[in-house]
Amino acid sequence: MRSAPYPDWPSLDESDVDAVTAVVRGGQVGGYPEPGPRAAEFAAGFAAYQGAAHGIVMANGTVTMEVALKALGVGWGDEVIIPALTFAATPYAAMAAGALPVFVDVEPARWTIDPDLVEAAITPRTRAIMPVHLGQQMADMDRIMEIARRHDLFVVEDCAHAHGQRWDEQGAGTLGDFGSFSHQSTKILTAGEGGTLTTQDERLARLAHSLIDCGRPKDAAETEYTFGANYRLGELACALLVNGLRRFPVQRERRAALGEHFERLAADIPGVTIKHRNPRITRWSFYRYIFEIDPDAFAGATNEQVADAISAEGVPAEVQYPPMSRYDLFQPSLSRLPVAVEHADRLDPAKMSFPVAEAAGERTAVYLNECIFRSDEAGVEHAVEALAKVQRLAADVAAAVNPS
Ligand SMILES: Cc1ncc(COP(=O)(O)O)c(C=O)c1O
């Protein structure tokens, strides 16, 4: 369906070469002293863009969440509620902070954490909720924040996919106690690696700075030490982030416009369900665009087979996260954490059941690559035509592969 490649990512140019060169010539290439000038410049610019009072740049979008939980004092013996459909980094971060990830299923309408199930999972040990703004969606932050307030819980938003999103005019990452952003190479604001925490709270920002800088105190009196490690990001990467942020608003606008074009055209394809964003999202931005297929309308094909077939048509698509009930990582038998043994039932995949996340991860969720939405209307139309073709011919392909 399409032979021309979609635009490259990351989209770097000569200004990035100049920015990195200037750092090399300047001499401070590392992240120490923290924050370096580029780290501070990017953190201030990005925090302002999201509407946060503070930004703290660090090594990646996994340690961001670990640092957020540590700054909030969440750790040993505490439970953190996490959606069953996310990247492994979200529960990993909770475990790295010493806490127990407690998974709950996602909502069928948007595949973000189900607030009713969050409420049902709260125990006296629960200290935090980590909603994930997955793909083109944001978790229902009105409900999450209301539950958090009522039960006195912290909220750390996993915004790895949500740079630029706004919920009711408030930026992603500014609604909870912390927002965690990834700048890993596939993410929409990238330096190859990197992560940023946003917060409105000056003391939490200070603690986060200390936690990523080997525990050095960041208060005026220099007395507030933390049990920190080195999670600083080097200035070479920060220079790329400064440039990336300059390009970001235009890229975001284009993705949003082309995302709407996709939604208008793809809605008519049999067996395809568009997962419309929550109307509370007032500035739309997304990483991957995720839609749902009905395998029956695709001759019984799985989401993986459909993604492969679309990709073979020149339109990059994939299947991303398995549901958390399928990860060996979270089996208590593989963990030495006493807390995990104590709560073995809650961590045993055999006892977990997340029907919505399992159906999405294993049968129905297809992720379209971001580059499609940085091309042009024709590029989006190719994606729609490829999807329609795969659906139309699915039965013929199935019959050819399996003639009986
Ligand atoms: C939902 C989600 N959370 C967290 C991360 C972790 O980010 P990083 O790769 O920067 O550690 C990613 C992506 O990698 C992600 O997709």
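In what follows, the structure referred to is the one given above.
Keep in mind the model is a prediction, meaning the values are calculated, not measured.

**Thoughts on a nonpolar patch on the surface**
A cluster of nonpolar side chains, Val 24, Val 29 and Leu 236, forms an exposed patch at the surface whose accessible area comes to about 220 Å². Within the secondary structure, Leu 236 is located in helix α8 (residues 235-266).

**Some points on the pairing of strand β12 (residues 289-293)**
Most of β12 is tucked away: four of the five residues are buried. Here two bridges tie strand β10 (residues 272-273) to β12, and the two strands are oriented antiparallel to one another. The residue bridging Thr 273 from the neighbouring strand is Glu 292, located in β12. Strand direction decides the pairing type here: β12 and strand β14 (residues 365-368), joined by four bridges, are antiparallel. Each residue of the ladder has a partner; that of Glu 292, found in β14, is Ala 365.

**A short note on the sheet that holds strand β6 (residues 166-167)**
Taken together, three strands build an open sheet; the order of strands is β7-β6-β11 and the sheet is antiparallel. Bordering the open sheet on either side are β7 (170-171) and β11 (281-283), each of which pairs with just one other strand. Where β6 lies against β7, two bridges are found, and the strand directions are antiparallel. Following the sheet pairing, Trp 167 is matched in β7 by Gln 170.

**Concerning the site of the ligand**
Of all residues adjacent to the ligand, which total 16 residues, the nearest are Gly 61, Thr 62, Asp 158, Ser 182 and Lys 187. Between the ligand and His 161, the relevant distance is 2.8 Å, taken from an oxygen atom to a side-chain nitrogen or oxygen of the residue. Ser 182 has a polar side-chain atom sitting 2.7 Å from an oxygen atom of the ligand. Protein contacts shield 92% of the accessible area of the ligand, which totals 380 Å² for the unbound molecule.

**A word on the pairing of strand β4 (residues 126-129)**
Where strand β2 (residues 79-83) meets β4, three bridges bridge the pair, whose relative direction is parallel. When the sheet's bridge partners are listed, Ile 81 is paired in β4 with Ile 129. Taken together, β4, helix α6 (residues 141-151) and strand β5 (residues 154-158) form a β-α-β motif whose crossover is right-handed.

**Concerning unusual backbone geometry**
For the peptide bond that leads from Tyr 32 to Pro 33, omega is -5°, which places it in the cis range. With respect to the element layout, Pro 33 can be found in the loop between α1 (14-26) and α2 (37-50). Residue Glu 34 is joined to Pro 35 through a cis peptide bond whose omega torsion reads -5°. Relative to the assigned elements, Pro 35 resides in the loop between α1 and α2. Located in the positive-phi region is Asp 152, a residue other than glycine, with phi close to 60°. Along the chain, the position of Asp 152 falls in the loop between α6 and β5. Asp 152 gets classed as exposed once you look at its relative accessible area, which sits at 70%. For Cys 214, which is not glycine, the phi torsion reads 60° and is therefore positive. Note on placement: Cys 214 falls in the loop between α7 (202-212) and α8.

Cut-offs and rules
- Residues numbered from 1 in each chain as written.
- Predicted model: local features only at pLDDT ≥ 70, side-chain atom pairs only at ≥ 80, totals over all residues.
- Heavy atoms only, no water.
- Patch = residues over 30% accessible without salt bridge, like charges linked within 9 Å, V, L, I, M, F, W, Y side chains within 5 Å.
- Areas by Shrake-Rupley, 256 points an atom, 1.4 Å probe, with all protein chains shown as cover.
- Salt bridge = Lys/Arg side-chain N within 4 Å of Asp/Glu carboxyl O.
- Helix = DSSP H or I, 4+ residues; strand = E, 2+ residues; numbered from the N terminus.
- Buried < 20%, exposed > 50% of the residue type's maximum accessible area, 1.4 Å probe, protein only.
- Pairing = 2+ DSSP bridges.
- Near = heavy atom within 4 Å.
- Polar contact = N/O pair within 3.5 Å; in protein donor to acceptor, adjacent residues only side chain to side chain.
- Right-handed = clockwise from strand over helix to strand, strands pointing away.

Function-wise, these values are silent; they only describe arrangement.
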